[in-house]
Amino acid sequence: MPPRKRTAGTEKTSEETRRRLLDAADEVLREKGYAGASARNIATAAGVTSALVFYHFGGVDQLLLAAMDRDTAARMEAHGATMAEVRTVEEFTAAAVTIYRTDLERGSLAKFSEMIAAAVTNEDLRKEITERAEPWLDFVAEHWDRVTRGTPLGKLLPARDVANAAITFYLGVNLFSVIDPDRRRTEDVFALAQRLAPRAKLLTMKLPGRR
């Protein structure tokens, strides 16, 4: 029996199903965590059968990673626009706070943290998450280097080290929120960073012969 030909209508339906599954994966991971992100829960949220999770993505982890990739692409574009205007350490700090708050409000921080936690005991997932963390390390390093290149501060705080510290804080602050439900302590940390940033002006003067 010859294989069925795919028509524009069936392709449209397939893409719509994939979109609904990705939306549902985002919702379930954010609200129920990785432990609650079963094929059944995701399929129910999407209004489809569980079998379609495996048909379209090959499994739950693959679906969650695909949802993460979609979220990352949107965030990278939005956060890139935020960072593109940054010219000073003060502006860098303010932009970092804006990015954190945006990711917190949209649930991206919670979702990423859930995937990181799951990867601790899942070696295959760990490799996937590690690969997906690299673009964010590059993102922070690129913008820090652009702001501080050729300055004493840039030499004191190399871009990659700053990127590692930023991602460590980004992940740690989500755990810290468990004992900081009203976010006062977290906001105090940001306030401290914003108070210190103006004091770095002398360290951001360009060194002779450096660009």
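Here the structure is a predicted model, which means the values were calculated and not measured. (Residues numbered from 1 in each chain as written. Predicted model: local features only at pLDDT ≥ 70, side-chain atom pairs only at ≥ 80, totals over all residues. Heavy atoms only, no water.)

(A) Representation of the overall build of the protein chain in the model. Secondary structure summary: the protein chain contains ten helices and zero strands in total. Overall, the C-alpha framework of the protein chain stretches about 75 × 40 × 30 Å when taken along its three principal axes. For the protein chain, the proportion of contacts with a sequence separation of at least 24, taken over those separated by at least 6, is 66%. For the protein chain, the accessible surface area stands at approximately 12,800 Å², while carbon and sulfur atoms represent 56% of it. A distance of 2 Å separates the average location of the 32 positive side-chain charges in the protein chain from that of its 30 negative side-chain charges. (Helix = DSSP H or I, 4+ residues; strand = E, 2+ residues; numbered from the N terminus. Contact = heavy atoms within 4.5 Å. Areas by Shrake-Rupley, 256 points an atom, 1.4 Å probe, with all protein chains shown as cover. Lys, Arg positive; Asp, Glu negative; His and termini not counted. Charge placed at Lys NZ, Arg CZ, Asp CG, Glu CD.)

(B) Empty space enclosed by the protein, seen in detail. Taken as a whole and assessed by the stated rule, the structure comprises one cavity of 30 Å³ or more. By volume, the largest cavity is sized at about 100 Å³. Lining the largest cavity are Asp26, Leu29, Leu64, Met68, Asp71, Thr72, Arg75, Ser108, Lys111 and Phe112. Of all the elements, helix H4 (residues 60-84) adds the most residues to the lining of the largest cavity, at five residues. (1 Å grid on protein atoms, 1.4 Å probe; cavity = no way out; pocket = protein on both sides within 12 Å on 5 of 7 lines; lining within 4 Å. Points joined across faces, edges and corners; volume = space filled by probe spheres on them.)

(C) Spotlight on helix H2 (residues 39-46). Taken together, the buried positions of H2 are Ala39, Ile42, Ala43 and Ala46. Seen from one end, H2 has its buried residues packed into an arc of 95 degrees, which puts them on one side. Set apart from the buried face of H2 by more than 90 degrees, the exposed residues are Arg40 and Thr44. Looking one or two places after H2, you find Gly47, whose phi comes out positive at around 75 degrees. (Buried < 20%, exposed > 50% of the residue type's maximum accessible area, 1.4 Å probe, protein only. Arc of directions from axis to C-beta.)

(D) Summary view of the nonpolar core. Counting 33 residues, the largest nonpolar core has Leu21, Ile42, Leu63, Leu64, Met115 and Ile129 as its most contacted members. Mapped by element, the contributors of at least two residues to this core are helix H1 (8-32), H2, helix H3 (51-57), H4, helix H5 (89-106), helix H6 (108-119), helix H7 (123-148) and helix H9 (159-176). Once residues within four sequence positions are removed from consideration, Ile129 is found in contact with Leu65, Met68, Phe112, Met115, Ile116 and Ala119. With 20 residues, the next largest nonpolar core counts Ala95, Leu137, Trp144 and Ala163 among its residues. (Core = buried A, V, L, I, M, F, W, Y, C linked by side-chain atoms within 4.5 Å.)

(E) The arrangement of unusual backbone geometry in detail. With phi around 65 degrees, Arg183 is a residue other than glycine that occupies positive phi space. Along the chain, Arg183 turns up in the loop between H9 and helix H10 (184-196).

(F) Fine view of the packing of aromatic side chains. Under the criterion given, the structure shown has four aromatic pairs. Note on Phe92 and Trp144: the rings are 5.1 Å apart at their centroids and 75 degrees apart in plane angle, and the pair reads as edge-to-face. One end of the pair, Phe92, is in helix H5; the other, Trp144, is in helix H7, with 52 residues separating them in the sequence. Phe92 gets classed as buried once you look at its relative accessible area, which sits at 9%. Taken together, a centroid distance of 5.7 Å and an interplanar angle of 80 degrees make the contact between Phe169 and Phe190 edge-to-face. With a gap of 21 residues between them, Phe169 in helix H9 and Phe190 in helix H10 connect regions that are remote in the sequence. Judged by its relative accessible area of 33%, Phe169 falls in the partly exposed class. The class of Phe190 is buried, set by a relative accessible area of 7%. Joined through ring pairs, the aromatic side chains of Tyr100, Phe169 and Phe190 make up one cluster. (Phe/Tyr/Trp six-rings, centres within 6.5 Å; stacked < 30°, edge-to-face > 60°.)

(G) Geometry of the packing of H6 against H7. Relative orientation of the contacting elements H6 and H7 amounts to 140 degrees, with a least axis distance of 8 Å. What the angle tells us is that H6 and H7 run oblique. Classified by chirality, the crossing of H7 by H6 is left-handed. Taking contact as the criterion, the partners of Phe112, Met115, Ile116, Ala118 and Ala119 in H6 are, on H7, Leu125, Arg126, Ile129 and Ala133. For the contact of H6 with H7, the per-class residue count stands at eight nonpolar, no polar and one charged. (Axes fitted to C-alpha atoms, helices over the stretch in contact; angles between N-to-C directions. Parallel < 35°, antiparallel > 145°, perpendicular 65-115°, else oblique. Left-handed = near helix turned anticlockwise from the far one by under 90°. Nonpolar A, V, L, I, M, F, W, Y, C, P; charged D, E, K, R; others polar.)

(H) Local environment of the pattern of salt bridges. In this structure the tally under the stated criterion is 14 salt bridges. For the salt bridge of Arg19 with Asp23, the shortest nitrogen-to-oxygen distance reads 2.6 Å. Placement of both Arg19 and Asp23 in helix H1 is noted, with a separation of four residues, approximately one turn of the helix. When its relative accessible area of 37% is taken as the criterion, Arg19 is described as partly exposed. Here Arg132 ties to Asp69 by a salt bridge, and the two come within 2.7 Å at their closest N and O atoms. (Salt bridge = Lys/Arg side-chain N within 4 Å of Asp/Glu carboxyl O.)

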